[in-house]
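Each chain, written out:
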Amino acid sequence: MMRTKLISELKPRREITPSITGAKMMTGNVAAAWAARLAEVDYIPAYPITPQTEIVETLSQWIALGEMNAKLTFLDSEHSMLTAAGTSSLAGARVFTATSSQGLLYGFEMLYNIAGWRAPIVLVNVSRAVAAPITLEPDHNDFLSTRDTGFILLQTETCQEVLDLILLAYRVSEDHRVLLPSIVNLDGFHLSFTREPVKLPDVEEVRSFLPTYNPPYPFRAGKPSAKGVAVLRPPLYSFYKYQMHLSSLNAIKVFKEACDDFEAYFARRYDVVEKYMVDDAEYVFVMMGSFTSIGKKAVKMMREEGLSVGLLKLRMVRPFPTQDIRRALEGKKAVAVIDQNISPGFGGTLFAEVSSTLYNVEKKPRVVLPVIGAIGGKTLSVDEFRYIVELMMKYEQRGEPEPILLFREDELREVESLLKLGVGE
Amino acid sequence: MSRTRFSTLKDLLGEDYVEPGTPLCAGCGAIIALRLFHKALGGRVVWVNAAGCITLLIVYPFTPLKSSWMYTAMASAPAGAQGIRDALDILIEKERIPVEEDLKVVVVTGDGAASDIGLQSTSGAIHRGLDFYYLCYDNEAFGNTGFQYSAATPYGSRTATSPPTPLIPEGYRGRKKDLFEIWRAHKPPYVATVSPSHPMDMIRKIEKAEKYKGPKLFISISPCPPGWIIETMDTVKLAKLAVETGIWPLKEAVYGEVHHTYIPRRLKPVEEYLKIQGRFKHLFYPVRRDDVIAKIQREIEEYWRIVYDKELGKEDSGLT
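Remember, it's a predicted structure, so these values are computed and weren't measured experimentally.

(A) Structural detail: the overall build of chain A. In terms of regular secondary structure, chain A is built from 15 helices and 16 strands. By the compact-globule yardstick of 22 Å for 425 residues, chain A fits well, its C-alpha radius of gyration being 22 Å. Over its C-alpha atoms, taken along the principal directions, chain A stretches across nearly 70 × 55 × 55 Å. Taking the contacts inside chain A whose residues are at least 6 apart along the sequence as the reference set, 80% of them involve residues at least 24 apart.

Structure below.
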């Protein structure tokens with residue numbers, strides 16, 4: 001890897017007055033579109049899918065009105081869309097694209113390629129549960145299926161976070177110490193179609209925070225280059241994969257640096273994880289995405305009742321912020337990982353990751369409780385968080401918990417009545 | 001053709017953009033087509049490739065090309081071309097790169113990628129009017145994986161997945177998918193078939209295509225010594241016989257209007273083409289399969305009868 005200057009080194013250090021032009025109400029999808037517009041992306045390969053479509057509709061409209069100078073091409077599939085995203089990035093364009101669920105899976109082959117090509121695109125995934133059964137409602141199986149692709153994975157809780165993390169994603173992805181693409185995930189419906197106040201940063205300040213993409217070896221007539229070529233000597237493949245792994249790990253440091261800069265420019269503070277009443281808590285929920293807002297509400301209510309609970313939100317999933325998670329959770333009595341995904345026959349993906357992260361910690365929690373909840377549109381209620389705390393207390397004493405599958409009585413009644421109609425009993 | 005840089009075969013001796021010493025098989029027909037293509041297009045080219053034999057042209061850290069190369073995936077080379085074309089266009093428009101750094105974008109795939117797995121992305125690219133070239137080298141099977149039948153395999157061919165047996169004596173029972181007609185149905189500015197045995201025909205077609213903005217698509221017959229079971233020195237001879245027997249018509253279509261660029265006055269019997277290829281050996285040995293040979297011959301004659309009717313007076317017919 002060549003040594004390149006930090007983006008923060010290139011920029012004159014000056015006092016920046018945080019620009020707060022007043023928040024506008026917008027959906028998560030429109031916030032994502034605004035991020036692409038503010039990042040002044042060059043190219044948007046697109047393909048429609050619910051619940052993502054509003055993003056590319058919004059961008060199409062801005063481009064058609066001349067409000068945004070970018071090229072948008074509708075491809076014939078997500079596989080083609082992602083191929084074009086990767087190759088256009090290698091030609092030196094700043095690239096934005098978006099999809100959901102089945103679309104992400106249809107283009108899946110190209111995710112590994114884009115990461116392997118070291119093409120720093122930003123892909124927004126508006127999460128939606130994966131068929132079958134087919135549904136429009138969200139969970140994180142689509143997002144987490146990209147875990148091993150080499151993409152940097154970021155999760156959002158609010159529409160503001162959607163906008164901000166996309167800008168941060170470009171900063172981190174395009175940094176030559178990283179040069180890996182990013183996926184920024186937002187939960188379908190709960191964020192994609194929910195209007196929230198979003199502060200739009202000033203375009204000049206974004207330009208300063210996020211300078212024009214400087215591609216290392218773009219396709220140019222004067223400098224022929226070969227990309228994506230076969231490596232048939234086995235050690236070469238390992239070498240390149242190790243490079244990707246190490247570059248991905250760099251993204252933690254680069255992200256934290258970028259967050260410092262981001263706060264200086266825009267007066268909003270981010271980190272790879274977010275600790276909500278964690279430091280003095282004995283029992284901690286670990287989760288991510290928009291449902292953490294419900295979790296925070298539950299934590300607040302239980303705190304008022306004197307329960308020592310907290311919530312650790314994962315903002316960055318790849319690279320996995322191992323150290324931040326260890327430091328946040330060491331010494332806790334119990335941890336419950338709430339997975340909004342399911343790996344049938346095992347349980348939840350995050351449970352496995354958090355547990356393995358904690359295994360070598362000296363003062364590890366007595367128990368890590370695996371909980372599956374809120375998949376395919378099922379919601380979470382404060383009562384369920386209370387129930388999880390009860391289980392944490394129970395298993396803290398003894399026992400080896402199997403994955404808890406959350407299902408409320410009212411939901412069971414609804415399913416039963418639908419089954420009666422469906423099966424005709 | 002009013003102006004050409006290549007009026008005779010001698011003019012082809014100029015600069016080569018494919019250096020000698022590639023890892024491809026001896027006698028590969030595809031590399032001849034690719035070399036000629038590159039001569040006609042010049043050096044400012046980025047090749048966009050899908051999985052196939054030609055993928056092995058470049059194995060890290062070696063490349064015989066003086067131009068750029070992008071390997072994508074089996075299904076989506078035309079989408080890869082779209083990305084590069086769009087990126088160069090917008091970067092030039094935004095004055096981030098000078099026009100001199102522009103590149104011609106050329107997709108190169110085999111018939112396997114072209115005929116089905118990549119057909120969706122090709123159809124999309126043609127439909128969108130993408131300004132690119134597509135060179136399909138047609139060796140009539142999945143050559144790189146050991147010659148399994150593809151959608152471009154002709155009736156009667158032995159392949160690794162259509163072995164002639166007492167149960168299925170003719171080998172491959174399907175028909176060759178008509179990629180030329182599929183492409184032509186999209187009404188792109190230019191579609192042509194070419195053959196490495198007819199370099200001037202190929203060069204003229206590329207020069208003609210260059211005048212059009214939009215999709216410019218070429219299918220080259222590509223004799224494959226290991227798959228066709230032929231002598232490596234016979235590649236050009238086979239390609240020539242394919243043209244002269246009429247099984248590989250040389251033609252072009254400008255915005256869908258078809259014109260044959262070489263009309264054989266008298267079609268050589270297809271048997272001459274079949275009998276020197278190991279992949280058709282079972283049609284001659286141990287038992288001669290006149291029925292299969294006649295069926296192949298009949299299809300060729302039916303094709304040319306229509307061509308002669310349309311493009312020649314009936315008295316000029318090459319059919320006897």
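(B) Summary view of the overall build of chain B. Helix and strand counts for chain B come out as 10 helices and 8 strands. Here the C-alpha atoms of chain B give a radius of gyration of 20 Å, agreeing with the 20 Å that 2.2 N^0.38 yields for 320 residues. A separation threshold of at least 6 residues defines the contact pool for chain B, and within that pool the share at least 24 residues apart is 68%.

(C) Quick look at the nonpolar core. Judged by nonpolar contacts, the single largest core of 217 residues is most densely connected at Ala32(A), Ile166(A), Leu167(A), Val286(A), Val106(B) and Leu135(B). Top element by residues in this core is helix H8 (residues 159–174) of chain A. It accounts for 10 residues. If sequence neighbours within four positions are ignored, Leu135(B) has contacts with Ala33(B), Leu34(B), Phe37(B), Val106(B), Val108(B), Phe218(B) and Ser220(B). If you look at the next biggest cluster of nonpolar residues, it comprises 5 residues, including Ala141(B), Phe142(B), Phe147(B) and Tyr172(B).

(D) The arrangement of the domain arrangement of chain A in detail. Residue and element names in this part refer to chain A. Here the domain parsing of chain A yields domain 1 (7–266) and domain 2 (273–412). Its C-alpha centre places domain 1 at a distance of 28 Å from the equivalent point of domain 2. Taken together, the contact between domain 1 and domain 2 spans 23 residues of the former and 21 residues of the latter. Among the elements of the structure, helix H7 (141–144), strand S6 (152–155) and helix H10 (234–266) are those that each provide at least two residues to the side of domain 1 that touches domain 2. By residue number, the principal contributor to the side of domain 1 that touches domain 2 is H10, which donates 5 residues.

(E) Fine view of the pairing of strand S5 (residues 190–194) of chain B. Residues and elements named next belong to chain B. Counting buried positions along S5 yields 5 of 5 residues, so the element is predominantly enclosed. Covered by surrounding structure in S5 are Tyr190, Ala192 and Val194 together with Val191 and Thr193, the residues of both alternating faces. Of the pairings in the sheet, the one linking S5 to strand S6 (residues 215–221) comprises 5 bridges and is parallel in character. From the neighbouring strand, Val194 faces S6, where its bridge partner is Ser220. In terms of handedness, the path from S5 via helix H6 (residues 199–209) over to S6 forms a crossover that is right-handed. Here S5 runs beside strand S7 (residues 250–254); their pairing, made up of 3 bridges, is antiparallel.

(F) Representation of helix H4 (residues 119–127) of chain B in the model. Within the span of H4(B), buried status applies to Ser121(B), Thr122(B), Gly124(B), Ala125(B) and Ile126(B). Structurally, H4(B) contributes buried residues whose contacts are with helix H4 (78–90) of chain A together with helix H2 (77–93), helix H3 (111–117), strand S4 (132–138), helix H5 (179–184) and S6 of chain B. Following H4(B) by one or two positions, Gly129(B) has its phi on the positive side, about 75°.

(G) Here's a closer look at the interface of chain B and chain A. Counting residues at the interface gives 40 residues for chain B, matched by 39 residues for chain A. When residues of the side of chain B that touches chain A are assigned to their parent elements, the largest contribution, 11 residues, is made by H2(B). The residue inventory of the side of chain B that touches chain A, partitioned by class, reads 18 nonpolar, 13 polar and 9 charged.

(H) Structural context of the sheet that holds strand S13 (residues 316–318) of chain A. All names here are of chain A. Spatial ordering of the open sheet is given by S4-S5-S7-S6-S13, a layout of 5 strands whose pairing is mixed. Two strands lie at the open edges of the sheet, namely strand S4 (96–99) and S13, each paired on one side alone. The average undirected angle you get between the axes of adjacent strands in this sheet is 25°. Examined bridge by bridge, S6 and strand S7 (residues 182–187) share 4 bridges and lie parallel to one another. Paired with Leu154 across the strands is Val184, a residue of S7. Lying over the sheet, H8 contacts strand S5 (122–127), S6 and S7, oriented at roughly 170° with respect to S7.

The rules behind the values
- Residues numbered from 1 in each chain as written.
- Chains lettered and ligands numbered in written order.
- Predicted model: local features only at pLDDT ≥ 70, side-chain atom pairs only at ≥ 80, totals over all residues.
- Helix = DSSP H or I, 4+ residues; strand = E, 2+ residues; numbered from the N terminus.
- Rg over C-alpha atoms; globule rule 2.2 N^0.38 Å.
- Contact = placed C-beta atoms within 7 Å.
- Core = buried A, V, L, I, M, F, W, Y, C linked by C-beta atoms within 7 Å.
- Buried ≥ 20, exposed ≤ 12 C-beta atoms within 10 Å, placed from the backbone.
- Domains from an automatic or database assignment.
- Pairing = 2+ DSSP bridges.
- Right-handed = clockwise from strand over helix to strand, strands pointing away.
- Nonpolar A, V, L, I, M, F, W, Y, C, P; charged D, E, K, R; others polar.
- Axes fitted to C-alpha atoms, helices over the stretch in contact; angles between N-to-C directions.

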